[in-house]
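Each chain, letter by letter, is given below.
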Amino acid sequence: IKEEFIKEMEKSRDKLSLENIRLKYLGKKGELTAILKQMGKLSSEERPLMGKLANEVREEIEKRLEEFAKALKQIELEEKLKSEFIDVTMPVKPRFTGSLHPLSTVTSQMEDTFMSMGFSVVEGPEVDTIENNFDALNAPKYHPSRDMTDTFYLNNDLLLRTQTSTVQIRTMKTQKPPIRMISPGRCFRCDTPDATHSPMFHQLEGLVIDKGITFANLKYTLEEFVRRFFGDDITVKFRPHNFPFTEPSAEVDVLCFKCKGHGCPTCKGEGFIEILGAGMVHPNVLRNCNIDPEIYSGFAFGMGIDRITMMKYEIEDIRYMYENDMRFLKQF
Ligand code: PHE
């Protein structure tokens, strides 16, 4: 039996045949088991001898089966490792990863610049009230910006905000001075799209309210922002202007990057590019928000993020930024 077993063992190569062999010899109906079952028929002299022999054979078979099972496991493991081998030195297929939209990049750079100057960032809703967008901002009832042809009205009360100045009003109505905040966000006007106009665009508005704030603070803050954002060698120009919500008001221009003031298509021949509007908050606006203009004063400013992004990346058409054309987006 033992020799037969060893022969069969040498032929078997897998788990299943191993199990079959085990059953053949050691199973309930196995050959060795059959011999042990017949032990009763033997004489008392033969029985211990036969018993000893049978046990030896069984132990031997069990030992070999066990060793063989171990060897099989090892082979299986090696085969598995071989089949799962990964060559980490193989070159990979380049995969396209997304990137930030230029408007997002510029907005967060502006936010970082103002935050480094002590401003906090506040957001407001894109749908707001006529009160917050016009009335509280001291816009006269006949002001052209209120026109149906300029503003998207939703009903008698609500509109798509035409400027982020709405967030100034919301902040002043709910917070006590000192206030030092900016609010970037999307704005909407009924403009026919062309290279420089889009019915949806972005503004970044700023507001500072405290005791004793003057135009000098406004000028310093904006010059400092422009320097930190565009670099030290920038030339800034303040021009008188008019806004309903500020008095006095100004517009701020920077020297054209391209022609350095000589006049080129980028600055439409003017040598300077307008980047923001600003002014001292009108006493009526403060009063509309329950802030006493006898005690507090402040300044506000607003800039078009789209225009500054276009300047920075030399984007010729504002519409490129809203078409989601991969050929455009991949460049950033
Ligand atoms: N909201 C103004 C605009 O849309 C910009 C501005 C903001 C001007 C604050 C002055 C003060 O043109």
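It should be emphasised that the depicted structure is a prediction, and the values quoted were computed from it without experimental measurement. Just so you know, the residues in each chain are numbered from 1, in the order the chain's sequence is written. Given that this is a predicted model, residues contribute local features only at a pLDDT of at least 70 and side-chain atom pairs are listed and counted only at 80 or more, while totals for whole chains, interfaces and linings are drawn from all residues. Water and hydrogen atoms play no part in the side-chain values, which are based on all heavy atoms of the structure.

1. Looking at the environment of Met39
- Each helix is a run of H or I in the DSSP string that is no shorter than four residues. Each strand is a run of E no shorter than two, and both are numbered from the N terminus. Here Met39 lies in the loop between helix H3 (31-37) and helix H4 (46-83).
- Exposed residues in this analysis have more than 50% of their type's maximum accessible area, buried residues have under 20%, and partly exposed residues fall in between, with area computed by a 1.4 Å probe over protein chains only. For Met39, a relative accessible area of 14% gives the class buried.
- Distance in space between the C-alpha atoms of Met39 and Met50 is 7.7 Å, their sequence separation being eleven residues.
- With residues up to four places along the chain from it excluded, the contact list for Met39 reads Arg47, Met50 and Gly51. We call two residues in contact when some of their heavy atoms are within 4.5 Å.

2. Some details on the pairing of strand E9 (residues 297-304)
- Of all eight residues that make up E9, six are buried, and the element is covered over most of its length.
- Pairing between strands is defined by DSSP: at least two bridges between the two strands are required. Of the strand pairs in this sheet, strand E8 (residues 272-281) and E9 are connected by five bridges, and their pairing is antiparallel. Across the sheet, the residue bridging to Gly277 is Gly302, located in E9.

3. Topic: the side chain of Glu224
- With respect to the helices and strands, Glu224 occurs in helix H8 (residues 215-230).
- For Glu224, a relative accessible area of 13% puts it in the buried group.

4. A look at the UniProt feature "domain: Aminoacyl-transfer RNA synthetases class-II family profile" (unreviewed entry) in the protein
- In the numbering used here, UniProt assigns the "domain: Aminoacyl-transfer RNA synthetases class-II family profile" (unreviewed entry) feature to residues 67-331.
- Counting secondary structure, residues 67-331 comes out at 31% helix and 25% strand; the distance between its end C-alpha atoms is 64 Å. UniProt positions are given in the numbering used here, feature names are shortened, and annotations may be inferred rather than shown by experiment.

5. Looking at helix H5 (residues 102-115)
- To estimate the expected span of a helix, subtract one from its residue number and multiply by 1.5 Å. If you check H5, its first and last C-alpha atoms are 20 Å apart, about what 14 residues at 1.5 Å a residue would give, namely 20 Å.
- Turning to H5, its buried residues are Pro102, Leu103, Thr105, Val106, Thr107, Met110, Glu111, Thr113 and Phe114.

6. Comments concerning the pattern of salt bridges
- A pair is scored as a salt bridge if a Lys or Arg side-chain nitrogen falls within 4 Å of a carboxyl oxygen belonging to Asp or Glu. Under the defined criterion, the tally for this structure stands at 16 salt bridges.
- The partner of Glu251 in a salt bridge is Arg239, and the shortest N-O contact between them spans 3.2 Å. In this pair, Glu251 sits in strand E7 (residues 246-255) while Arg239 sits in strand E6 (residues 236-243), placing the two residues twelve residues apart along the sequence.
- Owing to a relative accessible area of 29%, Arg239 belongs among the partly exposed residues under this scheme.
- Taking the shortest distance from any N to any O, the salt bridge between Asp253 and Arg239 comes out at 2.8 Å. Taken as a pair, Asp253 in strand E7 and Arg239 in strand E6 lie far apart in primary sequence, 14 residues in all.
- A relative accessible area of 5% means that Asp253 is categorised as buried.

7. Here's the deal with the packing of aromatic side chains
- For Phe, Tyr and Trp, where Trp contributes only its six-membered ring, two rings pair if their centres lie within 6.5 Å, and the inter-plane angle classes them as stacked under 30 degrees, edge-to-face over 60, or tilted in between. If you walk through the whole model with that rule in mind, you get eleven aromatic pairs.
- Judged by centre distance (6.3 Å) and plane angle (70°), the rings of Phe119 and Phe301 are edge-to-face. With Phe119 in the loop between H5 and strand E1 (120-121) and Phe301 in strand E9, this pair connects stretches of sequence that are 182 residues apart. Of the two residues, Phe119 and Phe301, neither departs from the other in class, the shared state being buried.
- What links up through ring pairs into an aromatic cluster is the set Phe114, Phe119, Phe225, Phe229, Phe230, Phe299 and Phe301.
- Whether a charge lies above a ring is judged from NZ of Lys or CZ of Arg, which has to be within 6 Å of the ring centre and within 35 degrees of the ring normal. The ring of Phe238 has Lys219 lying over it, and the distance from NZ or CZ to the ring centre is 5.4 Å.
- The ring of Phe272 carries the charged tip of Lys237 above its face, separated from the ring centre by 4.0 Å.

8. Some words on H8
- Between its first and last C-alpha, H8 extends 22 Å over 16 residues, near the 22 Å set by a 1.5 Å rise per residue.
- Residues of H8 that are buried include every one of Leu218, Thr221, Leu222, Glu224, Phe225, Val226, Phe229 and Phe230, and no others.
- Packing partners of the buried residues in H8 comprise H5, E6, E7, E8, E9 and helix H10 (305-313).

9. Things to note about the site of the ligand
- Within the structure, the ligand sits among 14 residues, and Gln163, Ser165, Arg189, Gln203 and Glu205 are positioned closest to it.
- N or O atoms within 3.5 Å of each other form a polar contact, as long as, within protein, one can give a hydrogen and the other can take it, and as long as residues adjacent in sequence are counted only when both atoms are side-chain atoms. Within the side chain of Arg189, a nitrogen or oxygen atom sits 3.0 Å from an oxygen atom of the ligand.
- For the ligand, whose accessible area on its own is 320 Å², the fraction buried by protein is 89%.
- Where the shell around the ligand is concerned, the elements lending two or more residues are helix H7 (165-174), strand E5 (200-210), E8 and E9.
- As a working rule, the residues Ala, Val, Leu, Ile, Met, Phe, Trp, Tyr, Cys and Pro are called nonpolar, Asp, Glu, Lys and Arg charged, and the rest polar, with Gly in that last group. Its residues placed into classes, the shell around the ligand shows five nonpolar, seven polar and two charged. Throughout, the term near means that a residue has one or more heavy atoms lying within 4 Å of the molecule or strand in question. Each accessible area is a Shrake-Rupley estimate made with a 1.4 Å probe; only the visible protein chains count as cover when residues are assessed.

10. Re the pairing of E5
- With nine of eleven residues buried, E5 is to be regarded as a mostly interior element.
- Alignment of strand E4 (residues 179-188) against E5, held across ten bridges, turns out to be antiparallel. When the bridges of E5 are listed, Pro184 appears paired with Leu204.
- Pairing between E5 and E9: eight bridges, direction antiparallel. Its bridge partner being in E9, Asp210 is matched across the sheet by Ser297.

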